[in-house]
Structures are given as C-alpha cells and as structure tokens.
Amino acid sequence: MVFISMHGISLSFGGGPLFDGIDLTVERRERIGLVGRNGSGKSTLLRLIEGSLKPDSGTVSALKGAHIAYLSQQVPDDMPGSAFDVVASGIRQYTDLVAKQRFAGLLDEDTMPMADKSDRTHGTLEMEGEWYLSKMLSQLGVDAGRAFNSLSAGLKRQVLLKRALAGEPEILLLDEPTNHMDIDSIKELEKMMVRFAGALIFVTHDRMFLQRIATRIVEIDRGRLFDQVGDYETFLVRRSVERKTEETQNALFDKKLQQEEHWVRGGIKARRTRNEGRVRELERMREIRRSRRERPGTVKMEVHEAERSGALVAKADNISFNYGDTQIISKFSTTILKGDRIGILGPNGSGKTTLLRILLGMLSPETGTIRLGASLQISYFDQLLEQLDENKTAIENVGHGTDTVTVNGKTRHIVGYLQDFLFSPEQTRSLVSVLSGGERNRLMLARLFTLPSNLLVLDEPTNDLDVETLDLLEDLLMSYAGTILLVSHDRTLINNIVTSTLVFEGESVVKEYVGGYDDWLRQRPQDAKPRKASFRKQDVLLAQTPIARLKLGFKQKQELAALPDIIERLEREQDDLFQAMGDPGFYKKDKADIVAANDRLEAVKKLLEDSYAHWEKLEQIRLDGENN
C-alpha cells in the first residue's frame, strides 16, 4: 500500500534548483534513511511531505486520511505548558484531524487503516487520560507536571518524540531524532522504530542508528534522488561504485569535448566545407557540460598540532565531586598518558562534561587530587558552542581580528581557509546567528583547528554534521598525534577512535574499560545488562552454571572444532553478497530478487554474530577448564 507519493517535484530558493523533478514513493512499513550533504535538502524534503512547504511544481500526496507526525530538527525554547501538556497535544491534534476529516467526508471508514483507532485514541485520552500520558513520561524519568521549558535538550527531544507517537501516526518523519540523546535513549528509540508499523522517513548523522533501522536508503545529491533497497553499508558499497563510474564517464566526456574544441578551432579552418552535423554535436556537448552539476566539495580539515606534551597528561587520584547534595563522581582514579584516546560514556546529566572539566583542571574535586602534565596545549570543543559569538561574523570568530590564519606553519587567507570547511565567501561574512546547526559545528571545528594543540577535547562534536563530514572528522582524529578526550553518543565514532573508555555506571560510579563502545558491552559486568533469552538448551545451561566449574562435553568440543569453518563460509558468503550488491547492474533485477538478497545478507550477518558469540563462549569454557 502506497503511503506517500511524490511526482515531478521541483523547488528553488533563489539560486539553483534544490530539487529538479524528483519522484519518490513510500510504502507501508518501509524505513527510509534520508542521507546527503548539509544543505542538500533533507529537512526540506521532510517538510514537503509534512505539508508545511509547497513545491514550485509537481505533486505530493499521502494516503487518504493518514496521520502524519513530524519531529523537527529544532527543539523549541519557548513551548508553554508541562511535559504532560506537550504530549497530550499530540493526541488532541490527531483527534481534531479525524473529526475534521469525517465532517468533510474525507475519511473512508471502510478502507482507511487508521479509521478503527480514532475512537480508541480519543477514548484513551478521555478515559485513561492523565494516567496514560504520565506513564509514558515516567518511562523517560520525567515528572509529567514539570514545565517543558525547564527540561534539558535531550529530554525535550524525547518528550516531543512521545508527542509525535502519541496519536499512533501512519507516517512518521524524524529529523535528527538522536540529537542530544544519550546512548540508552537512542537504543530505546531503535526498538520503537523497529516495531513501528507505518511508513518511517528519517534523517540522522548516527551511522549505527542508520545501519540498524533503515531498510532503504535515499540520498539527495545535486537535486536528484538516488534510491536503494538495503542497509546503509550496502548503500556505501554501491555508491562508491557509482561515483567511480561517474568520474570515469565525465573524464571521457571532457576528453572528447576537448578534442572537438581543438577541431573546431583548427580543423575547420583547413577545410573548405563545414561538417555541420559535427558542429551541432559540439554545441550539444557544450550545453551538457554547462548543465552538469558537480558534486559539492568535501571539507578539508587539518589540526594545528603543537609540540608534544610530556609523557603524563593527567592523573586523577581518588577524586569525588558533588553538586549540592547530589554526588556526581565518587572515588575515581585514572592516569592519562600522551597519545591516549579516551572516550567518555554515560546518560544525559550523569556528569560527563563535569568529569572533562575536572580532568582539565577547570573544576576542583571535593576530595582527591588532579595533577596535569607539562607543556599541555588544549583545544576544547564545548557542546554548547559557547566560544562562538553570535553577534560576530564567521571571519571574526575564526580570525581573531586578522585576515589570515596559520596552521602547521602554513599561512592562509581566512576566506580561503573557511572555504575548506564549505563556507562560501558570502557566508564567511554572515553573522553566526544566521548559520544552521551543522554550519555552526563546522565553524567551531574551523576555529578549533587554528589553535595549536597536543590535547584535543571534544564534547559532543557530531551534532548536525552530515555523515560525509563526520567520516572526514573521524579520519582526522585517527591521524592526530596528540591526546584525545572525546564525549560522544555516536557509538561508531567511539568504536573507531578511542583506545579506552570511561563509563558512568550506577550512582556516581565511573569505571574504565579498554577499547570502545562495543568493547565495553563485552567487558561490563553481567549484572549490569539484561540477560538475553536463549532458544538453545545448551546456552541456557551455560548461562545458569558458573563457568569456572564447566568443562566442554563431547558435543560441545565438536561444535568448537567446526565453528571456525562455519564462520569462514559465512564470511565468504557475506563478502560475495556485498560484491554482488555493489554492482550497479544488480539493481536492474526484479525487486523480489533484490529483497531476497538483502534478507539473506541480514540473515548471514545474524548467523555470523551468533557464531562468533558461541565460539567465544565455548573457547572461554575450554580455557577455564584447562586452568582448573
């Protein structure tokens, strides 16, 4: 059943076309990840579907009577009422919509899939009312009567999400839903989205969320849509192939055009008669070249690295910290050495930024001691971007009163430097107050990287960055020679960058683990995570028996010996599937074949994950049995 249909959509905002005759059809239960560079039109496309924006030409239609819920990227600062009032307004808006549609005769009670729930939703609000919505909010740890404006940005976003879901929409549009959310909240959102029965279109910079949720990827690139069924990793493989093909075709075209230009300048003069057909073909090629929209440039980042610090960066010994009567950190010790890459994880409000500031000597602990190393030069990215002056231009914020910047001994004009961060000459002279969230983050990075540093401190640097810029930032951090302290809810970034992780666990307890986010999941105490249900009898027995007292039985020894070959076969099959799905010709097949291949890929991934987990479990039992 088609829930959304867009046909021939064109839209411009004064300059070139943002959309150039695009088409898009969305069916029930599809979960579409919308990707593209900042400014490509992702949020605009959501607003076109939601109806608050109209195209210059073309048509946008949704399933008759469907309830569309939209979560904007921007969190309002001045929404009146309590958290309860905000969530309740989502249901009231829906019931009002149903009443208007019925009155106008637009709601077909027999065929509209949402029709049977309108009375139920209205009844829920009237009969269960406060209890129903208060329960929803209590799951977030929010007092229903608390003023919405007093909540943190992360809690505001979750309350707004509850409002969007309260009316049980058929079409759900989410613009950067994970912004300001902690990891636990993101994981809960993932569960909700997997269960969502309607049509979902979402924009996110969280690559793990994108990989886990999307069943289809739509990329906006130079005013066109590139549509692929499958997950994000498969999309990346196919896109890489398509871009290489495009570059090759463009290079061949440009070479032929150059040859024809040479002919028309020199060859025609040597002939008494013109080849009119060839001249007309040259004019056609010139027009094609003029109309070609080049891919937008990529951010060029370079950190201004200072001389190396001493071996010791910071040493915390038995530190504690309180806010009033609330203990934030209790008896925590750590040693940070030159070259370490430390990730900091924890729920919103747990004290991650506080811990950062204590480690940097910006706050003094209640008890314990902090010792900082010698020759530290710190560059600090704060998540609130407080270092940016909104009443000054981009040039003034980065240049500090000069027209040039110096990075690693190279002096650059500031306009050229900011163009490396994708700011046009006009934007460099714009006030920060008119820049978007992604542009402000890029400006903050541009400012940060002009300052010499051997200790880079990043507190939530990824909000509002597009995925391509995030990939480039990740590459830069991986090559950075200094020490890194990184607070982030981006699990992929944590996995790829850090060498150890400080995690807030329980009340005021901070523990240190080797590796990134996935490594923490494997190492954390078993009682700190819910035990997964197992459908295999032997796994149930293993989970219930102390490992130190277990030894492998005959059947388990056979399984352990066979698992490496099984894993190898699965990995080969996975590689073959990736290679096949990376071929542009693959997507000319029947949709059923494409879906079947994608389903098999997901099944192979799950089998691999289970096989690795089972091998690790059996191997650990074998080793423990030998040691006992």
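See above for the structure.
Residues numbered from 1 in each chain as written. Predicted model: local features only at pLDDT ≥ 70, side-chain atom pairs only at ≥ 80, totals over all residues. Heavy atoms only, no water.

Caption draft 1: Seen up close, the overall build of the protein. On a plain count of helices and strands, the protein comes out with 19 helices and 20 strands. Burial analysis of the protein (628 residues in total) assigns 48% to the buried set. Considering only residue pairs separated by 6 or more positions, the protein has 69% of its internal contacts joining residues 24 or more positions apart. Only carbon and sulfur atoms are counted for the fraction: they give 50% of the accessible area of the protein, which is about 31,400 Å². (Helix = DSSP H or I, 4+ residues; strand = E, 2+ residues; numbered from the N terminus. Buried < 20%, exposed > 50% of the residue type's maximum accessible area, 1.4 Å probe, protein only. Contact = heavy atoms within 4.5 Å. Areas by Shrake-Rupley, 256 points an atom, 1.4 Å probe, with all protein chains shown as cover.)

Caption draft 2: View of unusual backbone geometry. One non-glycine residue with positive phi stands out, namely R222, at about 55°. For E460, which is not a glycine, the phi torsion comes out positive at approximately 55°. Turning to its location among the elements, E460 is positioned in the loop between β17 (455-459) and α14 (467-479).

Caption draft 3: Representation of the packing of aromatic side chains within the structure. Inspection of the entire model under this criterion finds five aromatic pairs. Geometrically, the ring pair formed by F202 and F209 is edge-to-face, given 5.5 Å between the ring centres and 85° between the ring planes. If you follow R442 out to its NZ or CZ, it ends over the ring of F423, 5.1 Å from the centre. One cation-aromatic arrangement involves R524 over W520; the distance from NZ or CZ to the ring centre is 4.7 Å. (Phe/Tyr/Trp six-rings, centres within 6.5 Å; stacked < 30°, edge-to-face > 60°. Lys NZ or Arg CZ within 6 Å of the ring centre and 35° of its normal.)

Caption draft 4: Spatial organisation of the sheet that holds strand β5 (residues 68-71). Pairing is mixed across the open sheet formed by six strands, whose spatial order is β5-β6-β7-β3-β8-β9. This sheet does not close on itself; its edge strands, each paired only once, are β5 and β9 (224-229). Direction aside, the axes of adjacent strands within the sheet are offset by 15° on average. In this structure, β5 lies alongside strand β6 (residues 171-175), joined through four bridges in parallel fashion. Paired with A69 across the two strands is L172, which belongs to β6. (Pairing = 2+ DSSP bridges. Axes fitted to C-alpha atoms, helices over the stretch in contact; angles between N-to-C directions.)

Caption draft 5: Examining the sheet that holds strand β4 (residues 57-62) more closely. Taken in spatial order, the three strands make up an open sheet running β2-β1-β4, and their pairing is antiparallel. The two strands at the open ends of the sheet, each matched to only one other strand, are β2 (17-27) and β4. Across this sheet, the average inter-strand angle for adjacent strands is 10°, counted without regard to direction. Inspection of the sheet shows strand β1 (residues 2-12) paired to β4 by five bridges, in the antiparallel sense. Across the sheet, H7 pairs through a bridge with T59, a residue of β4. Docked against the sheet, helix α1 (residues 42-50) engages β1, β2 and β4, running at close to 120° with respect to β1.

Caption draft 6: Quick peek at α1. When we look at burial in α1, the residues that qualify are K42, T44, L45, L46, L48 and I49. Downstream of α1 by a residue or two, G51 has a phi angle that is positive, lying close to 105°.

Caption draft 7: Quick peek at the pairing of strand β16 (residues 410-413). In this structure, strand β15 (residues 404-407) lies alongside β16, joined through four bridges in antiparallel fashion. Bridged to V407 within β16 is K410. Hairpin geometry of β15 and β16 is characterised by an intervening segment of two residues between the two adjacent antiparallel strands and by a positive phi of about 50° at N408.

Caption draft 8: A look at helix α13 (residues 437-448). With 12 residues, α13 should cover 16 Å at 1.5 Å per step; its first-to-last C-alpha distance of 17 Å lies within 8% of that length. Judged by how many residues are buried, α13 sits mostly within the fold: 11 of 12 residues are covered. Listed in full, the buried residues belonging to α13 are G438, E439, R440, N441, R442, L443, M444, L445, A446, R447 and L448. Buried positions along α13 lie against β14 (378-381), α10 (394-399), α11 (414-419), α12 (425-428), β17 and α14. (Expected span 1.5 Å × (residues − 1).)

The quantities given are spatial measurements derived from coordinates; they are silent on function.
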